[in-house]
Amino acid sequence: MAIDEVADRLYGLPPEEFTHARDEAVRALKADGRSEDAADAKALRKPTAAAAAVNRLVREHRGDVDRFLEANSALRDAQLAGKGDLETATAKQRQSLERLVQEGGEDVRQSLTAAAVDDEAAAELLAGRLARELEPRGFGTLLAHAPPRARAPKAKAKPKPPPKPEVDPKAREALRAAEAMLVARLGEQKEAEQRLAKARRAVEQARAAVERARRAVSR
């Protein structure tokens, strides 16, 4: 089995099965005399719960993930190049994101948001081998998709004209809007995580109260 196939199989497993399956794969590769592949397999890191949720989402709902990335591409075109209706593209992107979060759980939101604005992150997402959830990496991809500004010919009377911006001001304004939307979504994610943590603490307190009451009854 090729090392890529080994990695695909391992990252398709539940996290609690990963380490044992990886070590078995390492032993098998060593037994076959494939020491380099064994070292590569040994270097594979156990995925976090959030990363495993994303890997599972990509495997089980690949069509929805592809449609989400297509919706992000359409939104970029609407924001930066004026192609299509911006309101429609925004609504479709949000609906696609929420559908995936509903399918994969809140843990997948951050990685999906990161993939929405960065092509390299999107490629890692689609590979389905994340060991850690994706982090927002900035907005280089958005700028790369911005339409180039037409350059005026250099005037002979001014051999050293001031440098011109590489990106049209409207594109920069659209980029700022996209950044603001991402920040807002990350803020919503953080608030949801805080509410979940608070609810979990409340459940633990209630469970402890039940245990105390049970002990009191059994005395």
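Look up a bit, the structure's there.
A brief report on the enclosed structure follows. (Residues numbered from 1 in each chain as written. Predicted model: local features only at pLDDT ≥ 70, side-chain atom pairs only at ≥ 80, totals over all residues. Heavy atoms only, no water.)

Structural notes on the packing of aromatic side chains
Describing an aromatic ring pair means giving the distance of the ring centres and the angle of the ring planes.
Step number 1: Inspection of every chain in the model, using the stated rule, returns one aromatic pair.
Step number 2: Seen in terms of ring centroids, Y11 and F18 are 5.1 Å apart; in terms of plane orientation they differ by 45°. Their pairing is tilted. Like F18, Y11 is buried. (Phe/Tyr/Trp six-rings, centres within 6.5 Å; stacked < 30°, edge-to-face > 60°. Buried < 20%, exposed > 50% of the residue type's maximum accessible area, 1.4 Å probe, protein only.)

Side note on the nonpolar core
Step number 1: With 22 residues, the main nonpolar core has V65, F68, V108, L112 and L125 as its most contacted residues.
Step number 2: The set of elements that each furnish at least two residues to this core consists of α4 (49–60), α5 (62–80), α6 (86–104), α7 (109–117) and α8 (119–127).
Step number 3: Non-local contacts of L125, meaning those with residues more than four positions away in its chain, are made with V54, V58, V65, S111, L112, A115 and L134.
Step number 4: Judged by nonpolar contacts, the second largest core, of nine residues, contains V6, L10, L44 and A131. (Core = buried A, V, L, I, M, F, W, Y, C linked by side-chain atoms within 4.5 Å. Helix = DSSP H or I, 4+ residues; strand = E, 2+ residues; numbered from the N terminus. Contact = heavy atoms within 4.5 Å.)

Notes on the pattern of salt bridges
Opposite charge on two side chains permits them to pair, given that their charged atoms come into close proximity.
Step number 1: One pass over the full model with this rule turns up 10 salt bridges.
Step number 2: Put simply, D8 and R129 hold a salt bridge, and the shortest N to O gap is 2.8 Å. Remark: R129 occurs in the loop between α8 and α9 (140–145) and D8 occurs in helix α1 (residues 3–10); sequence separation between them is 121 residues.
Step number 3: For D8, a relative accessible area of 32% gives the class partly exposed.
Step number 4: Given the relative accessible area of 31%, R129 is considered partly exposed.
Step number 5: Here D23 makes a salt bridge to R22, at a shortest N to O gap of 3.4 Å.
Step number 6: Residue R22 is classed as buried on the basis of its relative accessible area, which comes to 7%.
Step number 7: By sharing partners, the salt bridges in this structure join D4, D8 and R129 into a single network. (Salt bridge = Lys/Arg side-chain N within 4 Å of Asp/Glu carboxyl O.)

In short, the description is geometric, and any link to function would need to be established separately.
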